[in-house]
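# Fold and contact review
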Amino acid sequence: MKIYIESLGCSKNLVDSELILGTLTKSGHQISSEEEAEVIIVNTCGFIGDAKKESLDAILDLSEYKKTGSCKKLIVTGCMVERYSEELSKEIPEVDAFWGTGNIFKIGDALEEESEKIKMYPPGTIYDPDSPRVMLTPTHSAFVKVSEGCSRTCTFCIIPKMRGIMKSRTIDSIVGEIHGLAEQGVGEINLIAQDMTSYGRDIGCNLEEMLREASKVDGIDWIRIHYWYPWGISDSLVKLVSDDNNILPYIDMPLQHINDRLLSSMDRKTSSKKIRDIIKQLRDGIDDVVLRTTFIVGFPGETEDEFEELLDFVEEAKFDRAGAFKYSQEEGTPAGVMGEQVAEEVKEERLERLMEAQSEVSLEKNKSLIGTVHQGFVESVENGNYVARISSQAPEVDGYTYIKREEELILGDLVDIKIIDADIYDLYGEIV
Ligand code: SF4
């Protein structure tokens, strides 16, 4: 059959979409456009309110093809199914099958005539190097999911319920996959997990050991590590990131807040002192380290003073990149039943103020790059410009570097780029 997949949410969900396509094309199905597809799969995100709305809109939009197009089967999978399979099956009868986040390799069963309406396996899927996969990222870049699920208990987070407790892949499995990707010409490996710094705790190894082996793979230019948790960061791990030429000095570490009372109410098991110590450890230990983080504004009980403390921290810590979310009251989470829920308009106003403060920092940081030269992958062409990413620009979440199209460049090439201008998010460069 002709298959189309709509992949929503995070990079971990994108990897699942790639595995679903790999499994189905291996069984002889073909990938097609949404207009021509006989089977449409929506891989949903169920993390917070906005993401759930986006997933619902996508299901309803694509269900139109059952009336107007060639679609015979509409299948919904992903995190939203883990949370709401019963409700969704009642509310959206157009959907033929609901498949949880578990055992996506068997999703082909949902294409069968007599398939079950709802099929749930234990949540979360980990895979191996020989798992069939169709890449949805540019040919030079790939996400490698090193573990599935999370064993932490952050009070605002529903992920452990949707993806299960942390299950790490073996080092051999991860390194084997990276070898395979290098042979396909991939130069940038983005390592992803829910809680990267806890990698391996459940199987008797750790992040540092895995990175040592992963960085030995020939043909890989960049290894970028996402989703550090502010815990268990040893000096030897920092030294490895600093010394190893393939591991990028790029640390993506969601912090969520800096106020001690709120960090405790979030059950983040860290403190403002520990966070500042980790930032100092990373900046002292890794030259030109690029720090990315994420914050939550409007967590239940957050006072104006506590928010001001976060705002001051943004100006003090000067993260190269910082994103922020309005707290989303999620049923099934401890924070979801907390009192003192913050009003939506207050959350909105705090989000604006925080992003305003960060944009000043980002602009200053980007401006400081003018005149410097960096390696970057040429990713695409847009409005007559080449669109590239230098090492401090992660896929999907950070800005891009735009290069005037004065000479022919090959997409996927790693080139030297001199930064000639900058704005809050993006950079402008010329080929050296
Ligand atoms: S570390 Fe906390 S926020 Fe991140 S996935 Fe785990 S429980 Fe959720």
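Residues numbered from 1 in each chain as written. Predicted model: local features only at pLDDT ≥ 70, side-chain atom pairs only at ≥ 80, totals over all residues. Heavy atoms only, no water.

We now examine the site of the ligand. Lining the immediate surroundings of the ligand are C150, R152, C154, F156, C157, I159, P160, Q194, Y229 and R268. Taken together, the residues of the shell around the ligand break down into seven nonpolar, one polar and two charged. (Near = heavy atom within 4 Å. Nonpolar A, V, L, I, M, F, W, Y, C, P; charged D, E, K, R; others polar.)

Okay, helix 12 (residues 344-367) next. When the terminal C-alpha atoms of helix 12 are compared, their 34 Å separation across 24 residues agrees well with the 34 Å that a helix rising 1.5 Å per residue should span. For helix 12, the set of buried residues is K347, R350, L351, L354, A357, Q358, S359, V361, S362 and N366. Next to the buried residues of helix 12 lie strand 13 (290-297), helix 11 (304-317), strand 14 (321-326), strand 18 (414-422) and strand 19 (427-431). (Helix = DSSP H or I, 4+ residues; strand = E, 2+ residues; numbered from the N terminus. Expected span 1.5 Å × (residues − 1). Buried < 20%, exposed > 50% of the residue type's maximum accessible area, 1.4 Å probe, protein only. Contact = heavy atoms within 4.5 Å.)

Here we come to the domain arrangement of the chain. The domain architecture assigned to the chain consists of domain 1 (2-119), domain 2 (137-252), domain 3 (285-368) and domain 4 (373-431). Distance between the C-alpha centres of domain 2 and domain 3: 25 Å. Opposite the 12 residues of domain 2 that make contact, domain 3 presents 17 residues. For the domain 2 and domain 3 pair, buried surface summed over both sides reaches about 1,200 Å², with 64% attributable to carbon and sulfur atoms. Contact with domain 3 buries surface across domain 2, with T155, F156 and I251 losing the most and accounting together for 42% of the total. Counting every contact that joins domain 2 to domain 3 gives zero salt bridges. (Domains from an automatic or database assignment. Buried area = accessible area lost by both parts, 1.4 Å probe. Salt bridge = Lys/Arg side-chain N within 4 Å of Asp/Glu carboxyl O.)

Of all residues except glycine, most have a negative phi; of all peptide bonds, most are trans. In the Ramachandran plot, N383 falls in the positive-phi region, its phi being about 50° despite a non-glycine side chain. Secondary-structure assignment places N383 in the loop between strand 15 (373-382) and strand 16 (385-390). Located in the positive-phi region is E396, a residue other than glycine, with phi close to 70°. Summarising the element assignment, E396 is placed in the loop between strand 16 and strand 17 (401-404).

Time to look at the pattern of salt bridges. According to the stated counting rule, one finds 42 salt bridges in the structure shown. The salt bridge partner of R163 is E148, with a shortest N-O separation of 2.9 Å. In this pair, R163 is assigned in helix 5 (residues 159-163) and E148 in strand 8 (residues 147-148), connecting sequence segments 15 residues apart. In this structure, R163 and E148 share a single accessibility class: buried. Between R321 and D398 there is a salt bridge; the shortest N-O distance is 3.4 Å.

Let's shift gears to the environment of D16. Relative to the helices and strands, D16 is located in helix 1 (residues 11-26). Between the C-alpha atom of D16 and that of N43, which follows or precedes it by 27 residues, the distance is 8.3 Å. Dropping the residues within four chain positions of it, D16 is found in contact with N43, I104, K145, E148 and R163. For D16, the side chain forms a polar contact with the side chain of K145, separated by 2.6 Å. Polar side-chain contacts of D16 include one of 2.7 Å to the side chain of R163. (Polar contact = N/O pair within 3.5 Å; in protein donor to acceptor, adjacent residues only side chain to side chain.)

Another point: the sheet that holds strand 15. A barrel is described by the order of its strands in space; here five strands give the closed sequence 15-16-17-19-18, paired in mixed fashion. Sheet twist, expressed as the average angle between the axes of neighbouring strands with direction ignored, equals 50°. Relative to strand 17, strand 16 runs antiparallel, the two sharing four bridges. Along strand 17, the bridge assignment pairs Y386 with I403. (Pairing = 2+ DSSP bridges. Axes fitted to C-alpha atoms, helices over the stretch in contact; angles between N-to-C directions.)

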